[in-house]
Amino acid sequence: MTQQQKSAAVEGLVHPEPATVEVVDGSGGDISRSDVLLKGALAAGAVYGTLMVAPFVRSALAASGTSDVDILNFALTLEYLESTFYEEAQQKVKASGELKKLLPLLASDEKQHVAALKGTIEKLGGKPVAEPTFNFEYSGTSGFLKVAETLENTGVGAYNGAGPSIKSKEVLAAAGSIVQVEARHAAAISLQNGQEPAPSAFDAPLTEKQVLKAVEPLIA
Amino acid sequence: MDPVSRRKFIAVGGGTSMAAFLAACGGGDDSTTMMKSTTEPEPMGNGKESETAQFGKGDIGILNYALTLEYLETAFYEEVVKSGLFKGEELAVLKKFGAEEKQHVEALSGTVKKLGGKPAPMPKAEFPLNGAKSVAELAGTVENLGAAAYLGQAGNIESPEVLAAALSIHSVEARHAATLNTLLGLSITPDGAFGKPADVKTVLESVEPFIVG
């Protein structure tokens, strides 16, 4: 995050206005809004099937009125991504040292998140989305760490961004307990990657479109 | 546990509560009314007084509770950095975390004011600094507790904007906790795949020994 974005985030916190949730725009402002929406729609189409695109384009515009089941399904897709990514990495990456211990932990945590989200969606009378096909192209430990860092940080931003739109307190509590673990993963991966584990005092919330933009390249 | 410091600490909170309550009543800040979201039926609601009532009403109480914890964290890191117990990369990490806690203090007290409340006073704190290992352990404990404290309040926050702010701080506390746990050779996720919340009573009892006046 640039210093300007940081101060924008802090400003948003100190002076909470309705725009706070979208205060940090990761796109850097150089991409036209329609372009981002289109990309988001395409990615969402890939994730949910074309019929499911409409609600997310709408929420990218309105950023509210999304049901808890929609939010949980959105989160579930991200957890599928992470879970499959770590599952594959356990075969693919020749981990050593601390990473060797970390990898099974990450895989197990994400798998449990998938199961918890599916269960919650069903409990609410919803239907869990199917797992999309992913395409993880990276080589070596450094390639793995780079993707992992993106995934975990995107996960944190996604949950933080969706949190205020969650209607049920139980669902919010569940999402909170998951995002805390995503943040812990993010810090651990950053340490492995030689990056700052907590680069900013505030984790910026991400909108659906920002999340989709970040994960789009990983969806086959 | 020292009953005197406990009483003092509760008294500090109590005073804040009254001040914040009066400020909220007299202030008439339109943001307060604006942020009252349409109240959903609360499945967990039991009509009892909120856990953070001693720190103020509603979101102001929650923010002041968080502010009190952030003050303690800030003071802790300041003492740790000055102690000379750490050097190099470790010192840099602790300095950075301390600076981030200070930003949390500023954001939280600013938000309390914005809501028409009075920010909780800075508690006077003392921390045992007996060697690098025990200090690092204490830092880990404090950060894990901080993350759990925020998680414990998420469902009680009324305003979506305050919730967004709290969430953006919560995950940073979690990052700090995981970093310190890594330095200590402990699990980054001591609660497993799901972070566990802590209630106000548990949190305040844990920090009480460090409050001196």
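Residues numbered from 1 in each chain as written. Chains lettered and ligands numbered in written order. Predicted model: local features only at pLDDT ≥ 70, side-chain atom pairs only at ≥ 80, totals over all residues.

1. Observations concerning the overall build of chain B
In plain terms, the rule: Segments assigned H or I by DSSP are reported as helices when at least four residues long, segments assigned E as strands when at least two residues long, and all are numbered from the N terminus. Counting other C-beta atoms within 10 Å of each residue's C-beta, where C-beta atoms are placed from the backbone, gives the exposure class: buried for 20 or more, exposed for 12 or fewer, partly exposed between. Residue pairs are scored as contacts if the distance between their C-beta atoms, which are placed from the backbone, is within 7 Å.
Summing up its helical and strand segments, chain B has seven helices and zero strands in all. Ordered by position from N to C terminus, the α and β elements of chain B give α-α-α-α-α-α-α. Within chain B, buried positions represent 49% of all 213 residues. Put simply, of all contacts in chain B between residues at least 6 apart along the chain, 80% involve residues at least 24 apart.

2. As for the overall build of chain A
Assigned secondary structure in chain A consists of eight helices and zero strands. Each helix and strand of chain A, placed in order from N terminus to C terminus, yields the pattern α-α-α-α-α-α-α-α. Every one of the 220 residues in chain A was classed for burial, and the buried ones make up 49%.

3. Things to note about the interface of chain B and chain A
Counting residues at the interface gives 41 residues for chain B and 41 residues for chain A. Per element, the largest residue contribution to the side of chain B that touches chain A is 19 residues, and it comes from helix H6 (residues 160–183) of chain B.

4. Side note on the nonpolar core
Our working definition: Think of a nonpolar core as buried Ala, Val, Leu, Ile, Met, Phe, Trp, Tyr and Cys residues, each tied to the set through C-beta atoms within 7 Å.
Formed by 104 residues in total, the largest nonpolar core has its most connected members in Ala-75 and Ala-175 of chain A together with Ala-66 and Ala-166 of chain B. Dropping the residues within four chain positions of it, Ala-66 of chain B is found in contact with Leu-108, Tyr-150 and Ala-166 of chain B.

5. Concerning the packing of helix H4 (residues 68–92) of chain A against helix H5 (residues 97–123) of chain A
Residues and elements named next belong to chain A. Test applied: Between the N-to-C directions of two axes lies an angle of 0 to 180 degrees, each axis being a line fitted to C-alpha atoms and, for a helix, fitted only over the stretch in contact. Comment on the angle field: the value is read as roughly parallel under 35 degrees, roughly antiparallel over 145, roughly perpendicular from 65 to 115, and oblique elsewhere. Handedness of a helix crossing follows the sense of rotation of the near helix relative to the far helix, less than a right angle counterclockwise being left-handed and clockwise being right-handed. Amino acids are sorted into nonpolar (Ala, Val, Leu, Ile, Met, Phe, Trp, Tyr, Cys and Pro), charged (Asp, Glu, Lys and Arg) and polar (every other residue, Gly among them).
Packing of H4 against H5 leaves a shortest axis separation of 8 Å and a crossing angle of 155 degrees. Of the possible angle classes, the one that applies to H4 and H5 is roughly antiparallel. Here H4 runs over H5; the crossing is left-handed. Residue composition of the contact of H4 with H5, by class: 14 nonpolar, five polar and six charged.

6. Observations concerning the confidence of the model for chain B
All names here are of chain B. For the record, the criterion: pLDDT is a per-residue confidence score from the predictor, ranging from 0 to 100.
For chain B, mean pLDDT is 82; residues scoring 70 or higher make up 77% of the total. Of the regions scoring below 50 in pLDDT, residues 1–46 engages in 66 contacts with residues more than four places distant in sequence or in other chains. Reported confidences for the modelled complex are a pTM of 0.77 and an ipTM of 0.79.

7. Description of the packing of H4 of chain A against helix H6 (residues 140–162) of chain A
Residue and element names in this part refer to chain A. Two elements in contact, H4 and H6, have axes whose closest approach is 11 Å; the angle formed by their N-to-C orientations is 165 degrees. Judged by the inter-axis angle, H4 sits roughly antiparallel to H6. The handedness of the crossing between H4 and H6 is left-handed. Residues Ile-71, Phe-74, Ala-75, Leu-78, Leu-81, Glu-82, Phe-85 and Ala-89 of H4 pack against Phe-144, Val-147, Leu-151, Gly-155, Ala-158, Tyr-159 and Ala-162 of H6. Tallied by class, the residues present in the contact of H4 with H6 amount to 13 nonpolar, one polar and one charged.

8. Section: helix H7 (residues 169–192) of chain A
Since the α-helix packs 3.6 residues into each turn, any two residues three or four apart lie on the same face. Under the convention used in this document: The span one expects for a helix is its residue count, reduced by one, times 1.5 Å.
Counted at 1.5 Å a residue, the expected span for H7 of chain A with its 24 residues is 34 Å, and the 35 Å between its end C-alpha atoms agrees. The buried fraction of H7 of chain A amounts to 21 of the 24 residues, a majority that puts the element mostly inside the structure.

9. Structural notes on the confidence of the model for chain A
Across chain A, pLDDT averages 78, with 70% of residues at or above 70. Here helix H3 (residues 53–62) of chain A stands out as the least confident element of chain A, with mean pLDDT 35; H7 of chain A is the most confident, with 97.

10. Here's the deal with the environment of Ala-107 of chain B
Counting through the fold element by element, Ala-107 of chain B comes out in helix H4 (residues 88–114). Linking Ala-107 of chain B and Asn-130 of chain B, residues 23 residues apart in sequence, is a C-alpha distance of 31 Å.

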